[in-house]
Amino acid sequence: MEWYKDIDHTKFVGCSLTVKQSLIEEGFEEKKCTHITNCIDFSRLDLSQNPDAFKNGKKNLLLLGTDFHRKGLDIAVKAIEPIAKKYNIALQIPCYNSEKAIKFINQALGHKCDFCEFPPLTNYIGDYYRACDLFLAPSRAEGLCYAILEAIYCKALLLKSNIREMNYNISHEEIFTFDGTVENLTHKIEHMLNMPMDEKEKFLDDLQKEIICNNSVEIWGKQLVQLYQDLYHHGNAN
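Here's a quick rundown of the structure. Quick caveat, the model's predicted, so the values are computed rather than measured. (Residues numbered from 1 in each chain as written. Predicted model: local features only at pLDDT ≥ 70, side-chain atom pairs only at ≥ 80, totals over all residues. Heavy atoms only, no water.)

### What to know about the sheet that holds strand S8 (residues 177-178)
Reasoning step 1: Strand order in the open sheet formed by six strands is S5-S4-S3-S6-S7-S8, and the pairing between neighbours is parallel. Pairing within the sheet leaves two strands with one partner each, and these edge strands are strand S5 (116-117) and S8.
Reasoning step 2: Here three bridges tie strand S6 (residues 134-137) to strand S7 (residues 158-161), and the two strands are oriented parallel to one another. Looking at S7, one finds that Phe135 is bridged to Leu158.
Reasoning step 3: Contacting strand S3 (59-63), strand S4 (89-92), S5, S6 and S8, helix H3 (residues 73-80) crosses the sheet at an angle of about 175 degrees to S4. (Pairing = 2+ DSSP bridges. Helix = DSSP H or I, 4+ residues; strand = E, 2+ residues; numbered from the N terminus. Contact = heavy atoms within 4.5 Å. Axes fitted to C-alpha atoms, helices over the stretch in contact; angles between N-to-C directions.)

Structural data, given as structure tokens:
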């Protein structure tokens, strides 16, 4: 990225605070770095084609992403294996290459896995969030993980790793964050699956209201327009 630093950009705009911090850490001028947190067009998640996407009578956990190592698929299957039969768990993994996923999972566990399923990719991702009992995001690295906000909007219980890229400053975030270890993820999965229904509903209602207020695409649009206006006035002033 050395060549990129030599170009006389007015601003480098990260898609999250963490990306901005990463730019500064890589040596970009702090005064030239800013960020506008990417937001979500929540209306597309309301579209539905198959509201009962997982018809298997099991506790369905959902994990997205074909970059299996970065997305922590190995962490997920190792955490689920000890409790898969106890809770009748199926890990749903929509991905581009299920054969590659199966090979990765079997290598991670050291034997064949019998609790993973591979539903088709879909443009109606809201169906998958709403159909799952728990959404998992045990990522090792991210830029900004939209899926966390999407899952919350669809009122899916979730668990995410504690990397700084997935710190959303959401209320009670510690409840759905695990420390990155397999053992802690197993414990957190059990806790979430045993959450009383009334507690779960209030928890998800409150989270949904919060992210709609703070993360809708309209907010992103206003911040982007403001950035352009500031740059325009700054340029004219010079």
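### A look at the pattern of salt bridges
Reasoning step 1: Across all of its chains, the model carries 13 salt bridges by this definition.
Reasoning step 2: Residue Asp74 pairs with Arg140 through a salt bridge whose shortest N-O separation is 2.9 Å. Of this pair, Asp74 sits in helix H3 while Arg140 sits in the loop between S6 and helix H7 (146-153), and the two are 66 residues apart along the sequence.
Reasoning step 3: Judged by its relative accessible area of 10%, Asp74 is buried.
Reasoning step 4: The class for Arg140 is partly exposed, based on a relative accessible area of 34%.
Reasoning step 5: Of the charged contacts, one joins Lys202 and Asp206 as a salt bridge, the two residues approaching to 2.8 Å between their closest N and O atoms. With Lys202 and Asp206 both in helix H9 (residues 197-215), this residue pair falls four residues apart, about one helical turn. (Salt bridge = Lys/Arg side-chain N within 4 Å of Asp/Glu carboxyl O. Buried < 20%, exposed > 50% of the residue type's maximum accessible area, 1.4 Å probe, protein only.)

### Details of the pairing of S4
Reasoning step 1: Burial along S4 is two-sided: the face carrying Ile89 and Leu91 and the face carrying Ala90 and Gln92 are both buried.
Reasoning step 2: Judged from the four bridges that link them, S3 and S4 form a sheet pairing that is parallel. Bridge assignment links Leu61 to a residue of S4, and that residue is Leu91.
Reasoning step 3: Considered for its hand, the β-α-β crossover made up of S4, helix H5 (residues 98-109) and S5 is right-handed. (Right-handed = clockwise from strand over helix to strand, strands pointing away.)

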